[in-house]
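# Descriptive analysis of the structure
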Amino acid sequence: MNTFAGSIRSRGVTRRDFMKFASVMTAALALPVRYTGRIARALASAARPTVIWLEFQDCAGDSESFLRSSHPTAGQAVLDLIDLAYHETIMAPAGAAAEKNLRDAMERARGKYIVIVEGSIPTAAGGAYCTIGGRSAVQILEEVASGAAALIAVGTCASFGGLPAAAPNPTGAMGVRDLVKNKPVLNLPGCSVNGVNLAATITHYLTFSELPATDQLGRPLFAYGQRIHDTCPRRSHFDAGRFVKEWGDAGHRQGWCLYQMGCKGPKAMHNCAAVGWNDGTSWPIEAGHPCIACTEPGFWDGSTPFYRWMGESLLPTPHRPARPQGSLGIGLGAGAAAAAAAAGTAVLIRQRKAGAARPDSGAGDPGSEGE
Ligand code: SF4
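Note that the coordinates shown come from a computational prediction; the quantities given were computed from them, not determined experimentally.

In this section: the overall build of the protein. On a plain count of helices and strands, the protein comes out with 17 helices and eleven strands. For the protein, the proportion of its 371 residues judged to be buried stands at 48%. Considering only residue pairs separated by 6 or more positions, the protein has 75% of its internal contacts joining residues 24 or more positions apart.

Here it is in structure tokens:
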């Protein structure tokens, strides 16, 4: 059975785990709990979309991120949600056989398949900096995108050029949206993409037959609708003026704010505090490291140097700029997924009222219909 439910059932995943996955996706999408049933029914019946995964100038960190995702139980969330027809890193065929796989998938699902792009696209020197099978990344992207229903750029490199686009950008690296203008393109930036957000995006597509609502940078509001700073578990310390001054000092050991150690949380949009990493085990700020704003355009040029040498130690680069303004003054505990989901829903509603940008397809939020 070529559905998500059929795929996980064949691996012995229970109904209980399936419902747990549906509820995790509901929370990740910042939807009210009443949507869980609708999402479960959609996942049980919707055919898995054909996905073509392209890799260009990248470190394969985004592939690693989704391969390590663990919901519902076996680290196969994304693989179960989609029919992955082409992925250079994990597919068995190579060479001409791999190229045939790509062409067969494009023919079989023309107009319906989703393209996931990992890595930036080099445009300098006629695209010579990245070629596969004798064709440049630009040529491959243009050809594969022409038959796609939509594209999802995973990671900051595919979204905004990322690290390869850092000054002086010798390869002319660009993001997918810079080159593909006639198809909907969703950006899931991050270094790397969070596998939960990728699974939630595909879940949204299967449930509502459209990509989720986005901000002006093409990022879905459910995952990029709030500043890290406004959901940070250290926020109450920021408001009280309790800052870590030195790596390992008493404030650091007590979980105080990392702003004076260079934290870029005030300018970074992401749901790290709600979703976490490694099965929600932790995330950088919770682990005691400043945010580097890896979801923002130009973060490599704007956030580096991440570290400086102090004697024999490598320490985060501190800064002491003025405190950010306009914050909500709310500090949420790490892992407070339900509260963050509720807050995210409020953001969605506020931005809907404000006429927030939608993907090129005109895709919107899932509407007010509940279950
Ligand atoms: S500056 Fe960083 S550590 Fe401090 S509250 Fe904001 S996001 Fe959290």
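What follows concerns the sheet that holds strand β1 (residues 50–55). As summarised here, the arrangement of the five strands in space is β2-β1-β3-β7-β9, forming an open sheet in which the pairing is parallel. This sheet does not close on itself; its edge strands, each paired only once, are β2 (83–87) and β9 (185–188). Ignoring strand direction, the axes of neighbouring strands in this sheet form an average angle of 20 degrees. Across five bridges, the pairing between strand β3 (residues 114–118) and strand β7 (residues 150–154) is parallel. Looking at β7, one finds that I114 is bridged to A150. Most of the contacts of helix α6 (residues 95–108) go to β2, to which it runs at about 140 degrees, and overall it touches β1 and β2. In the packing of helix α10 (residues 195–208) onto the sheet, the strands contacted are β7 and β9, and the crossing angle to β9 comes to about 155 degrees.

Attention now moves to the packing of helix α3 (residues 36–45) against α10. Running from N to C, α3 and α10 cross one another at 85 degrees; their axes reach a closest spacing of 9 Å. Classed by the angle they form, the pair α3 and α10 counts as roughly perpendicular. Residues R38, I39, A42 and L43 of α3 lie in contact with α10, whose contacting residues are T203, L206 and T207. When its residues are assigned to classes, the contact of α3 with α10 shows four nonpolar, two polar and one charged.

With that settled, consider the nonpolar core. For soluble globular proteins, the rule of thumb is that nonpolar side chains tend to be buried together. With 99 residues, the main nonpolar core has I52, V115, V117 and L151 as its most contacted residues. Considering each element in turn, this core owes the most residues, seven residues, to α10. Residues lining this core come from more than one domain, with at least three contributed by each of domain 1 (4–214) and domain 2 (228–316). Setting aside residues up to four positions removed in sequence, I52 forms contacts with A85, Y86, L102, A105, Y113, V115 and V144.

Right, let's get into the site of the ligand. In the vicinity of the ligand there are 14 residues, among which C232, C257, Y259, C263 and G265 approach most closely. Across the shell around the ligand, the residue classes tally to ten nonpolar, two polar and two charged.

A few words now on the pairing of β1. The buried fraction of β1 amounts to six of the six residues, a majority that puts the element mostly inside the structure. With burial as the criterion, each face of β1 is covered, one bearing T50, I52 and L54 and the other bearing V51, W53 and E55. Relative to β2, β1 runs parallel, the two being bridged by four bridges. Across the sheet, W53 pairs through a bridge with H87, a residue of β2. Where β1 lies against β3, five bridges are found, and the strand directions are parallel. Residue pairing for β3: L54 is matched across the bridge by V117.

So, on to α10. Given a rise of 1.5 Å per residue, 14 residues ought to cover 20 Å, and the 20 Å separating the end C-alpha atoms of α10 matches this to within 8%. Of all 14 residues making up α10, 14 are buried, and the element is well covered by its neighbours. Two residues or fewer past α10, S209 is found with a positive phi of approximately 60 degrees.

Basis of the calculations
Residues numbered from 1 in each chain as written. Predicted model: local features only at pLDDT ≥ 70, side-chain atom pairs only at ≥ 80, totals over all residues. Helix = DSSP H or I, 4+ residues; strand = E, 2+ residues; numbered from the N terminus. Buried ≥ 20, exposed ≤ 12 C-beta atoms within 10 Å, placed from the backbone. Contact = placed C-beta atoms within 7 Å. Pairing = 2+ DSSP bridges. Axes fitted to C-alpha atoms, helices over the stretch in contact; angles between N-to-C directions. Parallel < 35°, antiparallel > 145°, perpendicular 65-115°, else oblique. Nonpolar A, V, L, I, M, F, W, Y, C, P; charged D, E, K, R; others polar. Core = buried A, V, L, I, M, F, W, Y, C linked by C-beta atoms within 7 Å. Domains from an automatic or database assignment. Near = placed C-beta within 6 Å. Expected span 1.5 Å × (residues − 1).

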